[in-house]
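Survey of secondary and tertiary structure
These are the residues of each chain, in order.
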Amino acid sequence: ASYVAVNISSPNTPNLRTLQLGDALVELVQALKKKQHELAVANNRYVPIAIKIAPDLSDEEIENICRIFLENDVDGIIATNTTLDREMIANMPHVTEAGGLSGKPEFRKSTDVLAKINKIINGRIPIIGVGGVDSPMAAAEKIKNGASLIQIYSGFIYKGPELIKNIVNYL
Ligand SMILES: Cc1cc2nc3c(=O)[nH]c(=O)nc-3n(C[C@H](O)[C@H](O)[C@H](O)COP(=O)(O)O)c2cc1C
């Protein structure tokens, strides 16, 4: 693996997201870093760990998460997973369905969280921007708001591999 993503933010697994908060996060991050260093020595290869967070976090929670990541040398932050918010699709037919909402409707929310993280992290940890990237402009917006890398999930489903080419050409 070039890196390992640790997902503590899927809304589809009960109680998973509580790992993003307080002592549970400190314990998790410290255990991951300990194992990472043991494996780096054993295999003579350091594999970065990127932790993936939710868009449904308060400003205070974002600040705490960033502080814990900085204090423990987390290698990357993936912002963000899907959202539980339904405000942006309020009048849509399937709005009452459970689970995480992805794609274009969560672009603004995930990008706002990315921007908040970027303001605190200020270049000290690379951030992977994900959530609603469905066009070259959306990709550029992620970069403008602090993403060093971009991931695409829903956009790839709807637009196909050409989206990657279009984004690369545009950037
Ligand atoms: C069908 C589906 C399954 C997903 N499964 C996972 C998962 O297992 N782990 C995870 O961290 N994120 C998962 N995600 C979240 C995506 O990786 C991504 O963070 C999110 O969909 C926002 O990006 P997008 O708008 O490009 O889809 C999933 C998303 C979708 C739509």
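The structure reproduced in this document is the subject of the present report. (Residues numbered from 1 in each chain as written. Predicted model: local features only at pLDDT ≥ 70, side-chain atom pairs only at ≥ 80, totals over all residues. Heavy atoms only, no water.)

**Considering the overall build of the protein**
Along the backbone of the protein there are six helices and five strands. Ordered by position from the N terminus, the helices and strands of the protein form the series β-α-β-α-β-α-β-α-β-α-α. Against the 2.2 N^0.38 benchmark of 16 Å for 171 residues, the protein shows a C-alpha radius of gyration of 16 Å, consistent with a compact globule. Taken along the three principal axes of its C-alpha coordinates, the protein extends 50 × 35 × 25 Å. Each of the 171 residues in the protein was classed as buried or not, and the buried ones make up 42%. Restricting the contact set of the protein to residue pairs at least 6 apart, pairs at least 24 apart contribute 65%. About 9,700 Å² of surface is accessible on the protein, with carbon and sulfur atoms providing 54% of the total. Measuring between centres, the 18 positive side-chain charges of the protein sit 6 Å from its 19 negative side-chain charges. (Helix = DSSP H or I, 4+ residues; strand = E, 2+ residues; numbered from the N terminus. Rg over C-alpha atoms; globule rule 2.2 N^0.38 Å. Buried < 20%, exposed > 50% of the residue type's maximum accessible area, 1.4 Å probe, protein only. Contact = heavy atoms within 4.5 Å. Areas by Shrake-Rupley, 256 points an atom, 1.4 Å probe, with all protein chains shown as cover. Lys, Arg positive; Asp, Glu negative; His and termini not counted. Charge placed at Lys NZ, Arg CZ, Asp CG, Glu CD.)

**Quick look at the pairing of strand β2 (residues 49-53)**
By the criterion of burial, β2 is predominantly enclosed, with four of the five residues buried. In this sheet, β2 lies alongside strand β1 (residues 4-7) in parallel orientation, the contact comprising four bridges. Bridging from a neighbouring strand, Ala-5 pairs with Ala-50 of β2. A crossover connection joins β1 to the parallel β2 through helix α1 (residues 22-43); in handedness this β-α-β unit is right-handed. Each parallel crossover has a hand, and the one from β2 via helix α2 (residues 59-71) to strand β3 (residues 76-79) is right-handed. (Pairing = 2+ DSSP bridges. Right-handed = clockwise from strand over helix to strand, strands pointing away.)

**Side note on the site of the ligand**
Around the ligand, the surrounding shell holds 14 residues, and the nearest of these are Lys-52, Gly-103, Gly-132, Tyr-153 and Ser-154. Between the ligand and Lys-52 there is a distance of 2.7 Å, counted from an oxygen atom to a side-chain nitrogen or oxygen. Here Gly-103 contributes a backbone N or O atom positioned 2.8 Å from an oxygen atom of the ligand. For the ligand, the accessible surface in isolation is 610 Å², of which the surrounding protein chains cover 69%. (Near = heavy atom within 4 Å. Polar contact = N/O pair within 3.5 Å; in protein donor to acceptor, adjacent residues only side chain to side chain.)

**With respect to the packing of α2 against helix α3 (residues 107-121)**
For the pair α2 and α3, the least separation of the axes is 10 Å and the interaxial angle reads 45°. Between α2 and α3, the interaxial angle falls into the category oblique. Handedness of the crossing formed by α2 with α3: right-handed. For the pair formed by α2 and α3, the contact residues are Asp-59, Ile-62, Glu-63, Cys-66 and Leu-70 on the first element and Val-113, Lys-116, Ile-117, Ile-120 and Ile-121 on the second. Here the contact of α2 with α3 is built from residues that sort into seven nonpolar, no polar and three charged. (Axes fitted to C-alpha atoms, helices over the stretch in contact; angles between N-to-C directions. Parallel < 35°, antiparallel > 145°, perpendicular 65-115°, else oblique. Left-handed = near helix turned anticlockwise from the far one by under 90°. Nonpolar A, V, L, I, M, F, W, Y, C, P; charged D, E, K, R; others polar.)

**Observations regarding the nonpolar core**
As a rule of thumb, nonpolar side chains are buried together in soluble globular proteins. One finds Leu-25, Val-29, Ile-51, Ile-53, Phe-69, Ile-77 and Ile-117 to be the most contacted residues of the largest nonpolar core, which totals 24 residues. With five residues, the top contributor of residues to this core is α2. The contact partners of Ile-53, leaving out residues within four places of it in the chain, are Ser-9, Gln-20, Ile-65, Phe-69, Ile-77, Ile-78, Thr-80, Asn-81, Val-113 and Ile-117. (Core = buried A, V, L, I, M, F, W, Y, C linked by side-chain atoms within 4.5 Å.)

**With respect to the side chain of Thr-82**
Here Thr-82 shows up in the loop between β3 and α3. With relative accessibility at 15%, the residue Thr-82 sits in the buried group. One polar contact links Thr-82 to Asn-81, side chain to side chain, over a distance of 3.4 Å. Dropping the residues within four chain positions of it, Thr-82 is found in contact with Pro-11, Pro-55, Asp-56, Gly-100, Leu-101, Ser-102 and Glu-106.

**Side note on the sheet that holds β1**
Strand order in this open sheet of five strands is β1-β2-β3-β4-β5, and the pairing throughout is parallel. Every other strand in the sheet has two partners, leaving β1 and β5 (149-151) as the edge strands with one partner each. Looking at each pair of strands side by side, their axes are set apart by 25° on average, direction ignored. Here strand β4 (residues 127-130) pairs with β5 via three bridges, running parallel. Of the residues in β5, the one forming a bridge with Gly-129 is Ile-150.

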